Amino acid sequence: MSQAKPFDISKRVVWEAYKRVKANQGACGVDGQSISDFEERLEDNLYKIWNRMSSGSYHPPAVRCVEIPKEDGGKRLLGIPTVADRIAQMVVKMSLEPKVEPCFHPDSYGYRPKKSAKQALGTARERCWRYDWVLDIDIKGFFDNLDHGLLMKAVEKHTDSKWERLYIERWLRAPLEKEDGTQEERHKGTPQGGVISPLLANLFLHYAFDQWMSRNYPDNPFERYADDSVIHCRSEAEAKELKERIGARMAECKLELHPEKTKVVYCKDGNRKGTYPEEKFDFLGYTFRPRESKNFRGQYFVSFSPAVSNKAAKNMRKTIRRWRIHVHSGSAIGDIAQRINPIVKGWILYYGQYYRSALYPTLKQLDRYLIRWAKRKYKSLRTCRGGVWEWLKGIAEREPELFAHWQTGYRLAAGR
């Protein structure tokens, strides 16, 4: 290796990183450059990334900071690197991930190859049937408060690559650029939105939480998706003790449990007697709580099970309203279906996994907008009381595959 290029990074790896970043798309960073802009001088831009990373002279630009309002009135900071920086981060991720991935806990599900939120939900559902109590933990501002020194210790434990360590340190220190153009230095945290951030978050929590739990509480299984975790307990006393111990553990790692969002939950069902102030919790867009179910014999019983959360349903309804389907009277119904079906199908595939009927009120709102669209488009339907619903129902019966939500077992019916 020459002194001019002390780091052995191949051009092919940079090319592969670019393809992955392109597939993920994403917004512009501080330079305002989109992926299509980057591609106008693709060969030159990729060469610059390779040349600077190989020579050790690559310095990441500031990360564009976008504030996203939260329902509790707070704000979540989303950091958006430039396209070139996302490619550089992907180069390091592709090199580091194979080294750390085999070490990760089997019940860590977030942002990992061959792991998914659906798997975490399914495992949590089954364990809630076996364990009476859950400790639902929330780490306050995890991505904003992650300690750089502790993180670099974890990185160094898994790689002796000087260039991986060098660039990870530089990304951790890269300033945030606010919407008014001012820049803020960072001494802790890793921006949500960065390509490398989920891997670094998993690595940090592997030592801060996963291994600590396996070592100290091997009989309390858990599911963790990034910084969102639920732990299964046999008793209320065990859950409360664990809450105190995890709080102390997070303090050792310079983190804090959210005092309101971290709670002990009773997984009440038809066989579990008594009541408790908390008998439900949210996890990955689902609400787990007591629900009426039917067994294979057709008998009804109460099960502690998940269904789409009110928060997720509310966000879907907001999206439906933003589509403003009813004002597109110049569009054919097939055009509308083609435009919205990929999103609706994604909702159904994810939120319809358990208790699909909980999705039906949201899907019915979609049909109400189609009714409004039909009344604008076809004057003859405006004065037909109930007739417009029958018209839409007729289309659904003739072309049940036209809209994704018509294929779910959901039945279109008149309503207000």
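Residues numbered from 1 in each chain as written. Predicted model: local features only at pLDDT ≥ 70, side-chain atom pairs only at ≥ 80, totals over all residues. Heavy atoms only, no water.

S.K.: Which parts of the structure should I look at to understand the environment of Arg 130?
M.R.: Tracing the sequence through the fold places Arg 130 in helix α5 (residues 117-130). On the basis of relative accessible area, Arg 130 is assigned to the exposed category, the value being 54%. Considered as a pair, Arg 130 and Tyr 18 are 112 residues apart in the sequence and their alpha carbons are 45 Å apart. (Helix = DSSP H or I, 4+ residues; strand = E, 2+ residues; numbered from the N terminus. Buried < 20%, exposed > 50% of the residue type's maximum accessible area, 1.4 Å probe, protein only.)

S.K.: Whenever I open this one, the nonpolar core confuses me. Can you help?
M.R.: Proteins that are soluble and globular tend to have nonpolar side chains buried together. Ranked by size, the top nonpolar core spans 67 residues in total, and within it Met 53, Ile 87, Phe 142, Phe 209, Met 213, Ile 231 and Ile 246 carry the most contacts. Counting residues per element, this core draws most heavily on helix α9 (residues 197-216), at 11 residues. In contact with Met 213, not counting residues within four places along its chain, are Pro 218, Asn 220, Phe 222, Ile 231, Leu 242 and Ile 246. Listed in part, the 52 residues of the second largest apolar core include Tyr 225, Phe 304, Trp 389 and Leu 392. (Core = buried A, V, L, I, M, F, W, Y, C linked by side-chain atoms within 4.5 Å. Contact = heavy atoms within 4.5 Å.)

S.K.: Explain the pairing of strand β7 (residues 228-233) here, please?
M.R.: Both faces of the sheet carry side chains from a regular strand, because those side chains alternate between them. Summarising burial for β7: 5 of the 6 residues are buried, a large majority. As judged from the 6 bridges shared by strand β3 (residues 133-138) and β7, these two strands associate in the antiparallel manner. Along β7, the bridge assignment pairs Asp 138 with Asp 228. Pairing geometry for strand β6 (residues 222-225) and β7, over 4 bridges, is antiparallel. The residue of β7 that forms the bridge with Tyr 225 is Asp 228. (Pairing = 2+ DSSP bridges.)

S.K.: Any chance you could explain the packing of aromatic side chains here in plain terms?
M.R.: Any pair of aromatic rings gets described here by the distance separating the centres and the angle formed by the planes. Per the stated rule, a full pass over the model turns up 22 aromatic pairs. On the basis of an interplanar angle of 75 degrees and a centroid distance of 6.0 Å, the ring pair of Tyr 58 and Tyr 167 is categorised as edge-to-face. In this pair, Tyr 58 sits in the loop between α3 (42-55) and β1 (63-69) while Tyr 167 sits in helix α8 (residues 162-173), placing the two residues 109 residues apart along the sequence. The pair Tyr 58 / Tyr 167 is uniform in exposure class, with both members buried. Arranged with centres 6.2 Å apart and planes meeting at 50 degrees, the rings of Tyr 167 and Trp 171 form a pair that is tilted. Of the two residues, Tyr 167 and Trp 171 are both situated in helix α8; the distance of 4 residues between them amounts to about one turn of the helix. (Phe/Tyr/Trp six-rings, centres within 6.5 Å; stacked < 30°, edge-to-face > 60°.)

S.K.: Is there a simple way to think about the layout of surface pockets in this case?
M.R.: Empty pockets left among the atoms are what a rolling probe the size of a water molecule brings to light. The calculated volume of the second largest pocket comes to roughly 410 Å³. Broken down by element, the residue count for the lining of the second largest pocket peaks at 4 residues, all from helix α4 (residues 83-100). Looking at the lining of the second largest pocket residue by residue, the classes come out as 10 nonpolar, 6 polar and 4 charged. (1 Å grid on protein atoms, 1.4 Å probe; cavity = no way out; pocket = protein on both sides within 12 Å on 5 of 7 lines; lining within 4 Å. Points joined across faces, edges and corners; volume = space filled by probe spheres on them. Nonpolar A, V, L, I, M, F, W, Y, C, P; charged D, E, K, R; others polar.)

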